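Letter by letter, the chains look like this.
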Amino acid sequence: MIPRKIESEIIKTLVSKKIVILYGARQTGKTTLSNKLINELDFNENEITRINSDDRSFDKFFEVVSLGSLEKIINNTKLVFIDEAQKLPNIGENMKLLYDSPNRPMILLTGSSSFELAAKTKESLAGRALTYKLNALSLEEISHSFGEKKVIDGLEDNILYGQYPEIYSQKDPRQKQKLLEQLVDSTLLKDLLNLETITKPQKLLEILKILAYQMGSNVSILDISSRLEISRETVLNYISYLEQSFIIFRLKGISANMRSQTIKETRQMKIYFYDLGIRNMLIQNFDDLAYRQDSGALFENFIILERLKTNANNPMYNQYFYRDKEQKEIDLVETLGSKVFLIEVKHSSKKKYKFPKSVYSMLANDKMIRREVSEEIITKENYLDYLLK
């Protein structure tokens, strides 16, 4: 198993007896990582309670909020591990009871839907739990395990097939595609389309495919609403479900608020995918990048996704994109205190680019703080220095 960056942080939290909630899409390695960390804690097996929530026989112990009911399966063990915890009834209230009990065990919960699990735990576990997100493998993790040459040689494969651990470990492209097909059809979409709140599952699938084709472009909620003949509210809700199931993420626009003279978010948004293999499977295109019209958008998603992984569990930067009235754009704007980083991603280094002057006018209007601005153009030639620095 490739070591994951957040391992030591999770161990520290478990030892402190805070509840750990580990979010992430199906197949990102949550169960594998959890079992590895449990083994490192060096408990005897009879000191561990493992609950796989896909086994519905456990439901009866959670249907009532009762420490006595829980003790029938937990009974003074030192660590409780519940996989896909969102599937259990009253999970938040029962974990609160267990946390507040005299013999509090270490508690590790995983969930592939932050929407479901957060809804069931947010209030009851406030102050009792820390959350972590496990994405697909990052370039930093791959580089630490195999060296930078492996990362450089695997660039196109990573863009085409993504970085889910099992898929990354395969060498045969046909096997990678087969696993991605299974992942999309039998896991990701099955989980999503079975949500009780999804009343129009076919529309959700159509929205996802539209977003796959519009990846990295400005998304018009009104346009999608009109094309699919559904309300704007439904479109926004379904995009939110896709986000909270770790299939897509959004990048918001940034502009200057002339009235308050501060920088603010706009209603503009661009959609990217948490894994490019999933995106390419949705549009059924695994052609080489040299023969694709969307190679630039794929490379842009790849770079912004890696930055998001870096920022996931130790947020440092606020991340946006910028577009002015003349439609001149900057792919990524990161802010850190008084520092602003303007980042443009170009798949081809032959394309010349100049940062729009309007962005400096916008920053000058921010009277609340004096900004230190830097520019960087990311290409295939320098992307690794940028991502691993």
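Look up: the structure comes first, before these words.
Residues numbered from 1 in each chain as written. Predicted model: local features only at pLDDT ≥ 70, side-chain atom pairs only at ≥ 80, totals over all residues. Heavy atoms only, no water.

Re the layout of surface pockets
- Counted as a void, the largest pocket has a volume near 620 Å³.
- What lines the largest pocket is a set of 24 residues, and nearest its centre among them are Lys133, Phe249, Arg250, Tyr274 and Leu308.
- For the lining of the largest pocket, the secondary-structure elements that each account for two or more residues are β5 (129-133), α14 (232-244), β6 (248-257), α16 (295-311) and β8 (318-323).
- Residue contributions to the lining of the largest pocket peak at four residues, all from β6.
- Here the lining of the largest pocket is composed, by residue class, of 12 nonpolar, seven polar and five charged. (1 Å grid on protein atoms, 1.4 Å probe; cavity = no way out; pocket = protein on both sides within 12 Å on 5 of 7 lines; lining within 4 Å. Points joined across faces, edges and corners; volume = space filled by probe spheres on them. Helix = DSSP H or I, 4+ residues; strand = E, 2+ residues; numbered from the N terminus. Nonpolar A, V, L, I, M, F, W, Y, C, P; charged D, E, K, R; others polar.)

Comments concerning helix α5 (residues 91-99)
- Here α5 has its buried residues at Ile91, Gly92, Asn94, Met95, Leu98 and Tyr99. For α5, the angular spread of the buried residues around the axis is 165°, confining them to a single face. (Buried < 20%, exposed > 50% of the residue type's maximum accessible area, 1.4 Å probe, protein only. Arc of directions from axis to C-beta.)

Concerning unusual backbone geometry
- Backbone geometry places asparagine 90, a non-glycine residue, at a positive phi of 55°.
- Structurally, asparagine 90 is set in the loop between β3 (79-83) and α5.
- Judged by relative accessible area, which is 27%, asparagine 90 ranks as partly exposed.
- For glutamate 229, which is not glycine, the phi torsion reads 55° and is therefore positive.
- You can see glutamate 229 is positioned in the loop between α13 (221-228) and α14.
- With a relative accessible area of 73%, glutamate 229 lands in the exposed category.

Considerations on a negative patch on the surface
- A contiguous patch of negative charge, built from Glu156, Asp157, Asp287 and Asp288, is present on the exposed surface.
- Examined against the element boundaries, aspartate 288 turns out to sit in the loop between α15 (276-282) and α16. (Patch = residues over 30% accessible without salt bridge, like charges linked within 9 Å, V, L, I, M, F, W, Y side chains within 5 Å. Areas by Shrake-Rupley, 256 points an atom, 1.4 Å probe, with all protein chains shown as cover. Salt bridge = Lys/Arg side-chain N within 4 Å of Asp/Glu carboxyl O. Lys, Arg positive; Asp, Glu negative; His and termini not counted. Charge placed at Lys NZ, Arg CZ, Asp CG, Glu CD.)

Treat this as a map of the structure, not an account of what it does.
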